[in-house]
Each structure stands twice: as C-alpha cells, then as structure tokens.
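These are the residues of each chain, in order.
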Amino acid sequence: MPKQTAEYGRRWYAIHTYSGYEENVADSLVQRIEALNMKDYIFNILVPKEKKIKIKNGKRRVVEEKIYPGYVLVDMLVTDDSWYVVRNTPNVTGFIGTGTTPSPLSQLEVDAILKRAGTTQGEPEITIDLQVGMAVKIGDGPFKGFEGKVNEIDGARGKVKVLVSMFGRETPLELDFTQVKKI
C-alpha cells in the first residue's frame, strides 16, 4: 500500500471498474468523499466521454460514448486513507499500477483525455475527409452499394451531395458524410 506521506503528490489515476458501472462508481465515490471527509485528498472524478454521430435507420443521432469503458479517472493525493476509500468503493476492481501501488497518469495523457472529453460541450466536431469530384461508395441507407461522385460538401451540417448514375442519368443524393466512403 502507498506510504502515508503522500509521496506522489496530487496526480490523476485510473481505476478499473466493472464495465457499465462507471457512473455508479463516480456517484459512489462522491458520496464516500463527503461521508468520510476526504475532500482534501480526492479532488475530482471523471468518466471520460465524447459525443459521436451515429446513423441508425437513416437518422442521424448524437450519442455520448465512454472513451475508456471500464475505467474512471480520479484526481487525488494518494495516502493510505484515500487509497482505501477509492479501492473499497463498490464495483471498483482496483487501481491501474503494479501490485497495490497505483501508477499516476502522465500529464500528457491527462491533457489528451481532458481535451478529447472536452468536446462534449455543444455539437461534436465534424471532420469530412472528402473533396468535390472524389469517387465514393455509399455504405449505408437505401442506396447502399451505389458508387458516385461528390458534387457538393456542406461541412456545417455534415452532409455531402453525391451524383449517382441511375436510369441512364446522374441523380443527386444528399447523404450524411458518414454514409459514404472514399474509393
């Protein structure tokens, strides 16, 4: 177990939980920190999530997905007591580290995770790796399997207009950018 002197200082640590119980663990930790007066040792709890765009049945939805399922991040000062509070929270299987000594995350890792999880405010970022005139194949929806050419790109809405050859003429289709793939 870590030394009582809090030799590591305040750092971020990853704790492993049963998959699907990340939110429960975060809520339980908040309650335990209050009840056991550990506010001076455990400062922040984070279940890193990001918003993603999913297409289902032709409808575009924004869903929030966990970046690391089965893990919760804790900003804490490791002492015997704080280690015990976190480790003995229901549905926590342990700290990431060797034996009973938790390994802190590097500041680079923490910054990358916080930046990625920070995109949860507002709409998710949309990056469209397509250009006008590019050949694409439709991978989803009623025109799945058709090939066409990108005619127009609307980055703000995440839509592309694709010209598909049907019945001997080019027909424009407005699709979500996630429905097409480069050929």
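As the structure is a computational prediction, the values presented were derived from the model and not from experiment.

Draft legend 1. Looking closely at helix α3 (residues 107–117). For α3, the full list of buried residues reads V110, I113 and A117. Buried residues of α3, seen end-on, are gathered within an arc of 70° and therefore sit on one face of the element. Across from the buried face of α3, at angles greater than 90 degrees, the exposed residues are Q107, L108 and K115.

Draft legend 2. Representation of unusual backbone geometry within the structure. Positioned with a positive phi, N91 is a non-glycine residue whose angle comes to about 75°. Summarising the element assignment, N91 is placed in the loop between α2 (80–87) and β6 (92–95). Accessibility expressed as a relative area gives 26% for N91, which makes it partly exposed. The residue F167 is not glycine, and still its phi comes out positive at about 55°. Within the secondary structure, F167 is located in the loop between β11 (159–166) and β12 (169–176). The exposed category is assigned to F167, whose relative accessible area is 82%.

Draft legend 3. Quick peek at the pairing of strand β5 (residues 71–77). Within β5, 5 of the 7 residues are buried, leaving the element largely enclosed by the surrounding structure. Note that strand β2 (residues 42–46) and β5 share 4 bridges and pair antiparallel. Paired with N44 across the bridge in β5 is D75.

Draft legend 4. Structural detail: the nonpolar core. One finds I15, I42 and M76 to be the most contacted residues of the largest nonpolar core, which totals 19 residues. One finds V136, I138, V162 and V180 within the second-largest nonpolar core, a separate group that totals 12 residues.

Draft legend 5. Spotlight on the packing of aromatic side chains. Under the definition given, this model contains 2 aromatic pairs. Summarising the aromatic geometry, the rings of Y13 and F95 are spaced 6.3 Å apart at their centres and angled 90° between planes, so their arrangement reads as edge-to-face. Placement of the pair is Y13 in strand β1 (residues 10–17) and F95 in strand β6, with a sequence separation of 82 residues. Just as Y13 is buried, F95 falls in that class too. Consider the rings of F143 and F146, whose centres lie 5.8 Å apart with planes at 80°: the pair is edge-to-face. Judged by relative accessible area, which is 31%, F146 ranks as partly exposed. Here R10 stacks its cationic end above the ring of F43, 3.9 Å away from the centre of that ring.

Rules used throughout
- As a convention, each chain's residues are numbered from 1 in the sequence order in which they are written.
- Residue-level local features of this predicted model are given only where pLDDT is at least 70; pairs of side-chain atoms are given and counted only at 80 or more, and the full residue set underlies all totals for whole chains, interfaces and linings.
- Only hydrogens and water are set aside; all other atoms, that is, all heavy atoms of the structure, feed into the side-chain values.
- For each residue, the accessible area found with a 1.4 Å probe, counting protein chains only, is set against the maximum for its type, and the residue is called buried under 20%, exposed over 50%, and partly exposed in between.
- Secondary structure is summarised from DSSP: a helix means a run of H or I of at least four residues, a strand means a run of E of at least two, and numbering begins at the N terminus for each.
- Each C-beta atom gives one direction from the helix axis, and the arc is the one those directions make.
- DSSP calls a pair of strands paired once it identifies at least 2 bridges connecting them.
- Here the nonpolar core consists of buried residues drawn from Ala, Val, Leu, Ile, Met, Phe, Trp, Tyr and Cys, with membership extended through side-chain atoms lying within 4.5 Å.
- Ring pairs are drawn from Phe, Tyr and Trp, using the six-membered ring of Trp, whenever the two centres fall within 6.5 Å, and their geometry is named by plane angle: stacked under 30 degrees, edge-to-face over 60, tilted for the rest.
- Here, a charge over a ring means that NZ of Lys or CZ of Arg falls within 6 Å of the ring centre while also lying within 35 degrees of the ring normal.

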